[in-house]
Amino acid sequence: MWFQVAGTLCNLTCRHCFISCSPTNHNHELMSRAEVRRYLDEARSLGVNDYYFTGGEPFLNREILEILEDALAAGPATVLTNATLLTPGRAGALAALERASRYSLEVRVSLDGPSAESNDPIRGEGSFDATMGGIAALAAAGLHPIVTVARTWSDAQDQAAREEFHRFLRAHGLSRPRVKVLPLFLVGREVERTHGYPAEAMLTQEHMRGHDPWLLQCSTSRMVTSRGVMVCPILIDAPDARMGRTLRESLRAHPLGHGACHTCWETGATCRN
Amino acid sequence: MPELTVRTGAMTVRNGGAFDGAIAVLGGVYSNHVALLAALHDARLRGAERFFCLGDLGGFGPNPGLVYPILEEFGVETIAGNYDRSLAERMADCGCGYTHPADNEFARRSYDYTNRRTTDGERAWLQALPGGLRLTRGGRRWLLCHGSPRRINEFLWESSTSDPFLARVLREAEADQVLCTHTGLHWQRPLPGGARLVNVGAVGRPANDGRPEVWYAYFAAASEEAEFVPVRYDHESLAREMEAEGLPPEFAETIRTGWWTTCLEILPAKERARGIH
């Protein structure tokens, strides 16, 4: 189960952001601890396994540490961050939460290149240095973050790019480098950076023949925002994404009617760790 | 013992009848025939009357054909793992889906090796394995599976599996107790309401704890709580055999040191932090 805990508010304005987050995007608002708690209670009663917290930038939410503490009482939790606001104090608080829980707390840090030259044109001037500062704070606190990279390279470069990230992170003090690569979704601000989906990028019955539906994230998860329960983290701004006010109302099928659905099908991508 | 076979969902489940005596349950053999034999001898000495294996017979270790006669000698009741399914269906790769390129290369080398050395007869034997097994013990409904009751390749790690989720999965599987493997790390958890999940770990590879022993689960007569048993075996001879077969030196290193060296990215934060790589 996912929470858009910082809404669409972010201190960065990444050029590939699939939900166009920025310091001024209020499409989805910050969620309060009380609001998240109500959903956690419902999730527990339905037997949900794990919890993800994203935005926007979750550390813009003043209650994020308390929210993570509540989630870790219910199950494993992951927070997705650009790490630019992770001071040593906050990293230490995350490490303390992780130690206090019998469940894992994963910290996922977004970074799109192993240098300012490769990262900052996508994520913004100065973001590389700020993110690396956050990663260093996490490492110093004894955490092992997962670095998430949007795939901006070709098939031919794939292996080399992944290996480069591992080497780079090891050289920057992560003793157990962990890297997750996500495909680009051609929605949100990415449409302006490159282009949107062509009309033919649409799933049909033919695509789904012999395809294991389990591999599609929407078969086993939902996203909660300040506006209700959405089908998935990618499509929160799609007109048909909202499935209800409660999790229970969202426990039904949803048409795979978006170009982004084609990306999940084609790449086997999941927003999970 | 009744040999009734029923199908629930996509999984063929064998009915193992009612049995309250001592049992031993092993998982993840990974072609480690030396440890498999040592574990079964150990379990027999302890008094186990029935032996169960939760699958993944091949991969990682050397000379995959050597495990079949051992399973037969002890009458081990075996269910299929994802690796066994891949071999039985002659799939091109193990479908492990690792994220690090080096891990995929290790997986490919070890699958190609195991696939080449698996005979048609062994494939037919693997093909006939059930996907699960039900037992009744002390009036409780036990389900033995490979990954989870709902997926042969679902990982149930201790730190990334919540109580409410397990309670639901067990309820949906109509089981009071589930035994699984697939992750290679052993753990168990009693659940509110009296149910229990036991991951029996792996007998083929050490538990990423810096000791070369491997682990299996022993259940004393009438007991629902697993005793996790460390098995010492001649790991040096296995490591040498792996080297002689041209398997990756990283695999032999794990056998010697007890630390995992490959395929680490699937580990959740807590399990990853316990290892050294």
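What counts and how
Residues numbered from 1 in each chain as written. Chains lettered and ligands numbered in written order. Predicted model: local features only at pLDDT ≥ 70, side-chain atom pairs only at ≥ 80, totals over all residues. Helix = DSSP H or I, 4+ residues; strand = E, 2+ residues; numbered from the N terminus. Buried ≥ 20, exposed ≤ 12 C-beta atoms within 10 Å, placed from the backbone. Rg over C-alpha atoms; globule rule 2.2 N^0.38 Å. Pairing = 2+ DSSP bridges. Contact = placed C-beta atoms within 7 Å. Axes fitted to C-alpha atoms, helices over the stretch in contact; angles between N-to-C directions. Core = buried A, V, L, I, M, F, W, Y, C linked by C-beta atoms within 7 Å. Expected span 1.5 Å × (residues − 1). Arc of directions from axis to C-beta.

**Some thoughts on the overall build of chain B**
Counting its secondary structure elements, chain B contains nine helices and 12 strands. Every one of the 277 residues in chain B was classed for burial, and the buried ones make up 53%.

**Quick word on the overall build of chain A**
Across its full length, chain A carries nine helices and nine strands. Its C-alpha radius of gyration of 18 Å places chain A within 12% of the 19 Å reference for a compact globule of 273 residues. Once the C-alpha set of chain A is aligned to its principal axes, its extents read approximately 50 × 45 × 35 Å. In chain A, buried positions account for 44% of the 273 residues.

**Quick word on the sheet that holds strand β5 (residues 77–78) of chain B**
Residues and elements named next belong to chain B. Spatial ordering of the open sheet is given by β5-β4-β3-β11-β12, a layout of five strands whose pairing is mixed. Where the open sheet ends on each side, the last strands, each with one partner, are β5 and β12 (227–231). With respect to the sheet, helix α1 (residues 33–46) is in contact with β3 (23–26), β4 (50–53), β11 (214–219) and β12, its orientation differing from that of β11 by roughly 25°.

**Re the nonpolar core**
In this structure, F53(A), V25(B), A39(B), L144(B), V203(B), Y216(B) and V231(B) are the most contacted members of the largest nonpolar core, which totals 157 residues. A per-element tally of this core places α1(B) first, with eight residues. In contact with V231(B), other than residues within four places in its own chain, are A35(B), A38(B), A39(B), D42(B), V203(B), E213(B), V214(B), W215(B) and Y216(B).

**Let's talk about the sheet that holds strand β1 (residues 2–4) of chain A**
In sheet architecture, strand pairing relies on hydrogen bonds along the backbone and comes in two forms, parallel and antiparallel. Residues and elements named next belong to chain A. The strand order across the open sheet built from nine strands is β6-β5-β4-β3-β2-β1-β7-β8-β9, with neighbouring strands paired in mixed fashion. Edge strands, defined here as strands with exactly one partner in the open sheet, are β6 (178–182) and β9 (242–244). Looking at each pair of strands side by side, their axes are set apart by 30° on average, direction ignored. Where strand β8 (residues 228–230) lies against β9, two bridges are found, and the strand directions are antiparallel. Each residue of the ladder has a partner; that of M230, found in β9, is R242.

**Re α1(B)**
Residue and element names in this part refer to chain B. With 14 residues, α1 extends 20 Å between its outermost C-alpha atoms, agreeing within 8% with the 20 Å of an ideal straight helix rising 1.5 Å per residue. Within α1, the full set of buried residues consists of H33, V34, A35, L36, L37, A38, A39, L40 and A43. Turning to α1, the residues buried within the fold contact β3, β4, α2 (67–73), β11, β12 and α7 (235–244). Trailing α1 by a residue or two, G47 shows a phi angle of about 115°, which is positive.

**Remarks on the environment of E265(B)**
Structurally, E265(B) can be placed in the loop between α8 (249–257) and α9 (269–274). The class for E265(B) is partly exposed, based on 19 C-beta atoms found within 10 Å. Along the backbone, E265(B) and Y98(B) are 167 residues apart, and their C-alpha atoms lie at a distance of 7.5 Å. Not counting residues up to four positions away in its chain, the partners in contact with E265(B) are R178(A), Y98(B), T99(B), H100(B) and D103(B).

**What to know about the environment of R109(B)**
Relative to the helices and strands, R109(B) is located in helix α4 (residues 101–116). The spatial distance from the C-alpha of R109(B) to the C-alpha of D93(B) is 9.6 Å, given a sequence separation of 16 residues.

**A few points about helix α6 (residues 163–172) of chain B**
All names here are of chain B. For α6, every residue scored as buried is listed here: D163, F165, L166, V169 and L170. When α6 is viewed along its axis, its buried side chains cluster within an angular range of 160° and face the same direction. Looking at the buried side of α6, the elements it contacts are β8 (177–180) and β10 (196–200). Trailing α6 by a residue or two, E174 shows a phi angle of about 50°, which is positive.

**What to know about the pairing of strand β6 (residues 132–137) of chain B**
Residues and elements named next belong to chain B. A large share of β6 lies buried, amounting to five of its six residues. Here four bridges tie strand β2 (residues 11–18) to β6, and the two strands are oriented parallel to one another. Note on β6: the bridge partner recorded for A18 is T136. Where β6 meets strand β7 (residues 140–145), six bridges bridge the pair, whose relative direction is antiparallel. Residue R134 lies in a different strand from β7, and its bridge partner there is L143. Taking the residues that link successive antiparallel strands as the turn, the β6-β7 hairpin has two residues, and the phi of G138 there is positive, at about 55°.

**Focus: the interface of chain B and chain A**
Residue-level contacts link 18 residues of chain B with 22 residues of chain A. Mapped by element, the contributors of at least two residues to the side of chain B that touches chain A are α6 and α9 of chain B.

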